[in-house]
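# Observations on the model geometry
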Amino acid sequence: MAAIEPMNQFLIHKLVALPAVDVPVLGHVDLSITNSVAFMMISAAIIAVFFLSAARGAVVPGRMQALAETLYDLVDKGLTGPMIGDRGRPFVPFIFTLFALIAVMNIIGLAPGSFTVTSQLAVTATLALMTFLIVIVVGFARNGLGFFKLFAPSGVGIGMLLILVPIEVISFFMRPVTLAMRLFGNMVGGHVVMYMFATFIISLGAFAMHGGLASLGFLASGLSLVMVIALMILELIVAGLQAFVFASLTCTYLSDVVNLDHGH
Amino acid sequence: MGAGLAMTGMIGAGAGLGILFGNYLQAAMRNPSAAAGERPMLLLGFAVTEALGIFSLVVALIILFVKV
């Protein structure tokens, strides 16, 4: 029987080896197509094909168009509208792209034999850093140096400010860390737990073959199978929810800087 | 051992999530018409609470897999 290696599913290996190139700032960059890159490309292709075929703009939407419009409204009317307000409209494409990409990467990662791109900390950290940089750029573009008011809540005494400002600064810089860790941790945690219960099915079944009292193992093995199915459903919910949470936190962070001057 | 101990941080996240969803449900029962409007806030609170639990998971993973 193969060794139980719950972390092997997250290993990256090259599918197509390409030569490395030297980029001025980043140094040596390996451009090989790994399984992670391949599944990211598949996700992007699924999204592109789906929305290109669905976005026909018919007055009476078909099934595909209705689904696409529902997803778009979820972000447009459900997230940016209530959270940022009218000033959030320019950010809808960005937030919707984040939502769609993360959701599709999470969901195809659940298919047996596939690779979960969002289980790589490098991927989630890149997405989080991108969000973080956009928040900073938008903050300075909209408010100028007034951006620093973000760290000093209004109506607070000077003594309290001495304590509050460092806390606010730290929590601001922890945002991309938590954003990246949450997605990464949820995906890795969920897949490891599913893997462990899947191995229980086989190992307990094999143990039950000894006969006698050990045949109770068949019961536990069956229970593990039920557990795996239940976990699969849970993970499907989590996959969509985490994408939604990532998008809604991006909205909150953007709202902080966009509506800084009139306390939303 | 250390990794297992690190996962005790999940206790807090579990309790926090219980309080969060319990209070949401209680509020939703009292005023069902306002429930839909507060759902984004619920998910936001869920995400922030969950993050602290996930931190302990990440610490556990680091203890298990990072060779110093």
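Analysis parameters
Residues numbered from 1 in each chain as written. Chains lettered and ligands numbered in written order. Predicted model: local features only at pLDDT ≥ 70, side-chain atom pairs only at ≥ 80, totals over all residues. Helix = DSSP H or I, 4+ residues; strand = E, 2+ residues; numbered from the N terminus. Buried ≥ 20, exposed ≤ 12 C-beta atoms within 10 Å, placed from the backbone. Rg over C-alpha atoms; globule rule 2.2 N^0.38 Å. Contact = placed C-beta atoms within 7 Å. Nonpolar A, V, L, I, M, F, W, Y, C, P; charged D, E, K, R; others polar. Expected span 1.5 Å × (residues − 1). Arc of directions from axis to C-beta. Core = buried A, V, L, I, M, F, W, Y, C linked by C-beta atoms within 7 Å. pLDDT = per-residue confidence, 0-100. Axes fitted to C-alpha atoms, helices over the stretch in contact; angles between N-to-C directions. Parallel < 35°, antiparallel > 145°, perpendicular 65-115°, else oblique.

A word on the overall build of chain B. Of the regular secondary structure elements, chain B holds 4 helices and 0 strands. Overall, chain B shows an N-to-C arrangement of helices and strands of α-α-α-α. Taking the principal axes of the C-alpha coordinates as reference, chain B spans close to 55 × 15 × 10 Å. Burial status across chain B gives 15% buried among its 68 residues.

Next up on the list: the overall build of chain A. A count of helices and strands for chain A gives 6 helices and 4 strands. Reading chain A from its N end, one meets helices and strands in the order β-β-β-β-α-α-α-α-α-α. Scaling as 2.2 N^0.38, a compact globule of 264 residues should have a C-alpha radius of gyration of about 18 Å, whereas chain A reaches 23 Å, well beyond that. The principal-axis extents of the C-alpha atoms in chain A amount to approximately 75 × 55 × 45 Å. When burial is assessed residue by residue, chain A has 26% of its 264 residues classed as buried. Nonlocal contacts in chain A, meaning residues at least 24 apart in sequence, comprise 63% of its contacts between residues at least 6 apart.

Okay, the interface of chain A and chain B next. On the side of chain B, 11 residues touch chain A, which itself brings 14 residues to the contact. Broken down by element, the residue count for the side of chain A that touches chain B peaks at 6 residues, all from helix α5 (residues 158–208) of chain A. Of the residues in the side of chain A that touches chain B, the class split is 7 nonpolar, 6 polar and 1 charged.

Bringing helix α1 (residues 35–54) of chain A into the picture now. Residue and element names in this part refer to chain A. Helix length check: α1 (20 residues) gives 28 Å between terminal C-alpha atoms against 28 Å at 1.5 Å per residue, within 8%. Of the positions making up α1, those classed as buried are S36, F39, M40 and S43. Here the buried residues of α1 occupy an arc of 105° about the axis, which is enough to place them on one side. Opposite the packed face of α1, turned more than 90 degrees from it, sit the exposed residues M41, A45, A48, V49, L52 and S53. If you follow the buried residues of α1, they end up packed against β4 (33–34) and α3 (92–109).

On to the nonpolar core, then. Proteins that are soluble and globular tend to have nonpolar side chains buried together. Membership of the largest hydrophobic core comes to 47 residues, with the highest contact counts inside it found for F99(A), I102(A), A243(A), F246(A), A247(A) and L254(A). Looking at this core, the elements with two or more residues in it are α1, α2 (63–84), α3, α4 (121–143), α5 and α6 (217–258) of chain A together with α4 (39–65) of chain B. Of the residues forming this core, the biggest block, 12 residues, is contributed by α6(A). Setting aside residues no more than four positions away along its own chain, A247(A) makes contact with V75(A), L79(A), I95(A), L98(A) and F99(A).

This paragraph deals with the environment of L183(A). Residues and elements named next belong to chain A. With respect to the helices, strands and loops of the structure, L183 is situated in helix α5. With 20 residues separating them in the primary sequence, L183 and S203 have C-alpha atoms 30 Å apart. Every residue in contact with L183, bar those within four places of it in the chain, is listed here: I102, T118, T124, Q242 and F246.

This paragraph deals with the confidence of the model for chain B. For chain B, the average pLDDT comes to 84, and 99% of its residues sit at 70 or higher. Two summary scores accompany this predicted model of the complex, namely pTM at 0.83 and ipTM at 0.73.

Two quantities define a packed helix pair, namely the angle between the axes and the distance from one axis to the other. Residue and element names in this part refer to chain A. Two numbers describe how α5 lies on α6: the axes approach to 9 Å, and their chain directions differ by 170°. Taken together, α5 and α6 sit at an angle that is classed as roughly antiparallel. Classifying every residue of the contact of α5 with α6 by side-chain character gives 22 nonpolar, 7 polar and 2 charged.

All names here are of chain B. Where helix α2 (residues 9–30) contacts α4, the axes come no closer than 7 Å and their chain directions differ by 170°. With respect to α4, the axis of α2 lies roughly antiparallel. Every residue of α4 that contacts α2 at G9, M10, G12, A13, G16, L17, L20 and Y24 is listed here: L42, G45, F46, T49, E50, L52, G53, F55 and S56. In the contact of α2 with α4, the residues fall into 9 nonpolar, 7 polar and 1 charged.

Residues and elements named next belong to chain A. The residue I84 is located in helix α2 in this model. For I84, a count of 23 C-beta atoms within 10 Å gives the class buried. Sequence-wise, I84 and A208 are 124 residues apart; in three dimensions their C-alpha atoms are separated by 58 Å. The residues contacting I84, other than those within four sequence positions of it, are F91, C251, L254, S255, V258 and N259.

Residue and element names in this part refer to chain A. Given a rise of 1.5 Å per residue, 23 residues ought to cover 33 Å, and the 32 Å separating the end C-alpha atoms of α4 matches this to within 8%. Where α4 is concerned, the buried positions are V123, T124, L127, A128, T131, F132, V135 and G139. On its buried side, α4 packs onto α3, α5 and α6. Where α4 ends, the next residue or the one after it, G144, has phi of about 65°, a positive value.

All names here are of chain A. Within the secondary structure, F51 sits in helix α1. Judged by C-beta crowding, with 16 C-beta atoms within 10 Å, F51 ranks as partly exposed. Placed 21 residues apart in sequence, F51 and D30 show a C-alpha to C-alpha distance of 31 Å.

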